[in-house]
Amino acid sequence: MSRAKCYYENIYTSSACNATPHCVDWSDNGLIAYGASNNIILYKKNDDGGGTVIRTLIGHKERVNTVRFVRNPERLTDLDTNIVSGSSDHSIIIWTIDKTGFLKMSVVLKCHSNIVTVVDAVYRSRSAGMSNLCIVSASADSTIKILNASIGYNKEKICMNTIEIPSNGLCLSVAITTFNGGDDILVACGLDNCKISLYSGNKIENGDKIEELGKLKGHDDWVRALSFSQNGDNVLLASASQDTTVRIWQFAPSANTIVDSEDQITQKKQVIQLGKRSLDVTLEAVLSGHEGWVYGIAWHPTSIENGTIKQPMELLTASLDKTLIVWAPDKDSGVWLETSRMGEMGGNGLGFYGACYGPDGKLILVHGFQGGIHLWKRKEELWEPEISITGHFSGVVDLTWEAVHGRYLLSVSLDQTTRLHAPWKTKKTWHEMGRPQIHGHDMACVAALPEFQFVSGAEEKVIRAFKAPNNFLQNFEQLCLTSSSNQLVSNPQETALGAAIPALGLSNRAVYSTEEKDNNSEDKLSREQYSEVYFVPQDLKVPPTEDNLSQNTLWPEVMKLYGHGYELYSLATSNDGKLVASACKATSEEHASILLWDTKKWQKVQTLTCHQLTVTQMSFCPDDSLLLAVSRDRSWSLHKRSGELRYELVYKSDKKTGLHQRIIWCCAWTHDGLYFATGSRDGKVVMWSASTHQHKTAIDLPKESITALAFAPSSATKSNVYLAAVGCESGEISLYTFNINESESTWKLFFSIDKDSCHSLSIKRLAFRPKLGRTEDAGSESEQKGVVQLASCGLDHLVRVYNIFTELD
């Protein structure tokens, strides 16, 4: 973004895919689109490795269940970019490219009365700037909608036909293709009777009735995925089912104009009438190689040879058995055989939900039950893993920068994982570099400690402390650090090599050297018993893939801290790393206490009791002389250090006469420790003096709930001016300057981040990097002092990092 117009740039967006089939698609122009919470993420894969999120499409109000690029089966139009998406908010949105080259929400269709589960779309024609699309959608309301949409020049015309599914049945998969230059359409629908129903339409924009042509019978369980492809004058349909098989059906022009009266199309050749054309329908092959339900299916992209569409005979399938298979017919016999098999080995994966090819057929993508996206690249006859898209697959509730240096970012989520994000020094692009914790409870909070340590809390009563293992530190130094002057591993013999999760366990167990493993009979027995989740050391030259992240980047747990009566809610660490402050969910003064822990001995040193309800956030001032806490009881408290590791209450606001009338969600200190701010559900951000405890001034946003606050690590433009980031429940992020004058103190809106670069649901945490400059330039001469980095996370599954320009050109 231009620094003259906007004072920020969004350099990193991280999110996994929603755990629904049909939620990822790859366009002919190279864009990957996938649903993440109620957003659609557009990701561009780079030719030289890696990739970047180029845009977030925000429009749906609830989870996106299905995303499809509009197909061009007969090459009726030039290459275009239109997306159709369906959501749990009952809507279908058509996204179209505008004159600036950005996708925007073009049409919102409220044609279903329940969750939209699957959509597919094709171009019928394109002329005079108008795109004519045909869309088929299925919903939990037991209907299938076939819509013809004409879009262009800010005009749209929508015609709709409805197919009622008998007995309140469900349609689980749909596919659509065109014939005769877009005049005729053929729709295939996989219903809950295990059959594939075929429908045709001619000039449906005039509202003509949709005709059922027949049923494809053969599968013994629900058909979960369907995919059409053109091959010259023929059309191929691949169907994937929960019966673990895949069937390939061929539709070929027929000289026979008599339509068979039977509506059951089986292995015997049948004839259907599509407009003025008769088609022979035959079952070409049954592919049996998976051991689990087959959810994903994709044809190799077509090509044009001598003006004819040519379909390479190659098919990709993905299953819940954690495998994907590439199929092709044998050159001699023509029998379809398995040519390649990839997938997950062990780990925490639960199988694959969908699959698609890249534009040239050299890359394949699959997405899994836990949101992970895997990429493989064809190199001669082999497929090799590629750097993939990663992120949380549920709401992200807290994040923190590495203490002191800010070389990486830690985030925790309701998906029960802690993830580490950092820039790859080779490309200077951000990636998920580690997954230190994979837990059995939803995560709630995290706080960083010096020397690659952190503490985290989840929906349990235990605080868990972690320390980076030797193998991770070596890889982190290779991938992320521009200067290796400081050795990360001071004593390799005392540092664990890695970590592993025992079966049915929640604690990451340390794994030491290979020699020790071989000599330790107990460890050897454990390794053999739980080999599928056992750690394997890695020497990484590129950021880790999803497989490595989930199995080989865990950090060993060094301590558990017990003392709270209910689930953990918030954590904070002192700037010198000597103390951890913790608080849990509470409805009484006893359980709303703040516990202080010594990080050297890992012992509780003090209990601070002053609030009546849950302490929502805590923060130590820069010199650790004061500890600030805010609570659901609408009050804040200030505790002053009275000893090396002890604090005493010096002030507590009165919730009856205080400025805040609702829950106080967040708090933050200025970089010099002279002031602090509190943010509340009542829409107020109040600045307070640390010495007098009096408020200086307030921001009042009556229609917003303030959920996150952060101050930049140094003054924004000049002395007595502070830069603050304010996050709201609506997902908006604004930056304000706070000016301290002798006469008056004022807040001033600096700028607001664009909606498409913010969040669509509640922001849970904002955090400025503790050092000036970019993380990717840390330690180098090119480090920019006029830039600060801001990280944000929210319930929309996103983690974002922004460069904020504080010294404008």
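Values in this document were obtained by computation on a predicted structure and should not be read as measured data. (Residues numbered from 1 in each chain as written. Predicted model: local features only at pLDDT ≥ 70, side-chain atom pairs only at ≥ 80, totals over all residues. Heavy atoms only, no water.)

**Some details on the overall build of the chain**
And then number 1: Helix and strand counts for the chain stand at four helices and 62 strands.
And then number 2: Split into buried and exposed, the 809 residues of the chain put 60% on the buried side.
And then number 3: The long-range fraction of contacts in the chain, counting pairs at least 24 apart against all pairs at least 6 apart in sequence, stands at 53%. (Helix = DSSP H or I, 4+ residues; strand = E, 2+ residues; numbered from the N terminus. Buried < 20%, exposed > 50% of the residue type's maximum accessible area, 1.4 Å probe, protein only. Contact = heavy atoms within 4.5 Å.)

**Notes on the nonpolar core**
And then number 1: Among the nonpolar cores identified, the biggest contains 24 residues, and Tyr408, Leu420, Phe452, Phe472, Phe476 and Trp555 are the most heavily contacted of them.
And then number 2: Residue assignment for this core shows that the elements contributing at least two residues are strand 35 (409–413), strand 36 (417–424), strand 38 (443–449), strand 39 (453–458) and helix 1 (470–480).
And then number 3: Ranked by residue count, the leading element in this core is helix 1, at five residues. (Core = buried A, V, L, I, M, F, W, Y, C linked by side-chain atoms within 4.5 Å.)

**Brief notes about the packing of aromatic side chains**
And then number 1: With the rule as written, the count across this model stands at 29 aromatic pairs.
And then number 2: Centre to centre, the rings of Phe620 and Tyr647 are 5.8 Å apart; their planes meet at 70°, and the pair counts as edge-to-face. With a gap of 27 residues between them, Phe620 in strand 48 (residues 615–620) and Tyr647 in strand 51 (residues 647–652) connect regions that are remote in the sequence. In terms of burial, Phe620 and Tyr647 fall into one category: buried.
And then number 3: Three or more aromatic residues joined by ring pairs form one cluster here, namely Tyr408, Phe452, Phe454, Phe466, Phe472, Phe476 and Trp555.
And then number 4: Over the ring of Trp665 we find Lys764, and its NZ or CZ is 6.0 Å from the ring centre. (Phe/Tyr/Trp six-rings, centres within 6.5 Å; stacked < 30°, edge-to-face > 60°. Lys NZ or Arg CZ within 6 Å of the ring centre and 35° of its normal.)

**Brief notes about the environment of Ser582**
And then number 1: Among the secondary structure elements, Ser582 is positioned in strand 45 (residues 579–584).
And then number 2: What makes Ser582 buried here is its relative accessible area of 0%.
And then number 3: Sequence spacing of Ser582 and Leu595 is 13 residues, and the spatial spacing of their C-alpha atoms is 5.3 Å.
And then number 4: A polar side-chain atom of Ser582 sits 2.9 Å from a polar atom in the side chain of Trp597. (Polar contact = N/O pair within 3.5 Å; in protein donor to acceptor, adjacent residues only side chain to side chain.)

**Topic: the side chain of Glu432**
And then number 1: Position of Glu432 among the secondary structure elements: in strand 37 (residues 429–438).
And then number 2: Residue classification places Glu432 among the buried residues on the basis of a relative accessible area of 2%.
And then number 3: A distance of 3.3 Å separates polar atoms of two side chains, one belonging to Glu432 and the other to Arg419.
And then number 4: Contact partners of Glu432, with chain neighbours within four places excluded, come to Tyr12, Thr390, Gly391, Arg419, Leu420, His421, Pro544 and Leu549.

**Let's talk about the confidence of the model for the chain**
And then number 1: Predicted confidence across the chain gives a mean pLDDT of 87, with 88% of residues reaching 70 or more.
And then number 2: When the elements of the chain are averaged for pLDDT, helix 2 (residues 514–519) gives the smallest value, 47, and strand 35 the largest, 98. (pLDDT = per-residue confidence, 0-100.)

**Topic: the environment of Lys195**
And then number 1: As for its placement among the helices and strands, Lys195 is situated in the loop between strand 15 (184–191) and strand 16 (196–202).
And then number 2: Residue classification places Lys195 among the partly exposed residues on the basis of a relative accessible area of 21%.
And then number 3: For the pair Lys195 and Leu216, spaced 21 residues apart in the sequence, the C-alpha separation amounts to 5.8 Å.

**Some thoughts on the sheet that holds strand 24 (residues 294–299)**
And then number 1: Spatial ordering of the open sheet is given by 24-27-28-29, a layout of four strands whose pairing is antiparallel. Every other strand in the sheet has two partners, leaving strand 24 and strand 29 (336–343) as the edge strands with one partner each. Pairs of neighbouring strands in the sheet enclose a mean axial angle of 20°, with direction left out of account.
And then number 2: As paired strands, strand 28 (residues 323–329) and strand 29 are joined by seven bridges and run antiparallel to one another. Its bridge partner lying in strand 29, Val326 is registered against Ser340. (Pairing = 2+ DSSP bridges. Axes fitted to C-alpha atoms, helices over the stretch in contact; angles between N-to-C directions.)

**Brief notes about the pairing of strand 45**
And then number 1: Burial analysis of strand 45 places six of its six residues in the buried class, the great majority of the element.
And then number 2: Bridge count between strand 44 (residues 568–573) and strand 45: five bridges; the pairing is antiparallel. Looking at the pairing, Thr573 lines up with Val580 of strand 45.
And then number 3: Counting the residues between successive antiparallel strands, the hairpin from strand 44 to strand 45 contains five residues, one of them, Gly577, with a positive phi of roughly 80°.
And then number 4: Here strand 45 pairs with strand 46 (residues 594–598) via four bridges, running antiparallel. In the sheet register, Leu579 faces strand 46, and the bridge partner there is Asp598.

**Here's the deal with unusual backbone geometry**
And then number 1: Positive phi, normally seen in glycine, also occurs at Asn168, with a value near 55°.
And then number 2: Looking at the secondary structure, you find Asn168 in the loop between strand 13 (155–164) and strand 14 (171–179).

**Observations regarding the pattern of salt bridges**
And then number 1: Scanning the model with the defined rule gives 22 salt bridges in all.
And then number 2: A salt bridge links Asp25 to Arg68, with the shortest nitrogen-to-oxygen separation between them at 3.7 Å. Remark: Arg68 occurs in strand 6 (residues 64–69) and Asp25 occurs in strand 2 (residues 24–26); sequence separation between them is 43 residues.
And then number 3: We classify Arg68 as partly exposed; its relative accessible area is 22%.
And then number 4: In this structure, Glu546 engages Arg435 in a salt bridge whose closest nitrogen and oxygen atoms are separated by 3.0 Å. With Glu546 in helix 4 (residues 546–552) and Arg435 in strand 37, the pair connects residues that are 111 residues apart, well separated along the chain. (Salt bridge = Lys/Arg side-chain N within 4 Å of Asp/Glu carboxyl O.)

**Some points on the sheet that holds strand 40 (residues 462–467)**
And then number 1: Within the open sheet, the four strands sit side by side as 38-39-40-43. Their pairing is antiparallel. Whereas interior strands pair on both sides, the edge strands pair on one side only; in this sheet they are strand 38 and strand 43 (557–562). Strand-to-strand twist of the sheet, defined as the mean angle between neighbouring strand axes without regard to direction, takes the value 20°.
And then number 2: Both strand 40 and strand 43 contribute to a ladder of five bridges, which runs antiparallel. Within strand 43, the position partnered with Ala465 by the bridge is Met559.

**Here we look at the environment of Gln437**
And then number 1: Of note, Gln437 is situated in strand 37.
And then number 2: Sequence separation between Gln437 and Ile501 is 64 residues, and the spatial gap between their C-alpha atoms is 9.4 Å.
And then number 3: With near-sequence residues (within four places) excluded, Gln437 lies in contact with Gln416, Thr417, Thr418, Met443, Phe454, Ser456, Arg464, Phe466, Asn508 and Leu554.
And then number 4: One polar contact links Gln437 to Ser456, side chain to side chain, over a distance of 2.8 Å.

**Focus: helix 1**
And then number 1: Of all 11 residues in helix 1, eight are buried, a share of seventy percent or more.
And then number 2: Inspection of helix 1 places Asn470, Asn471, Phe472, Leu473, Asn475, Phe476, Leu479 and Cys480 among the buried residues, and these make up the whole buried set.
And then number 3: Turning to helix 1, the residues buried within the fold contact strand 36, strand 37 and helix 4.

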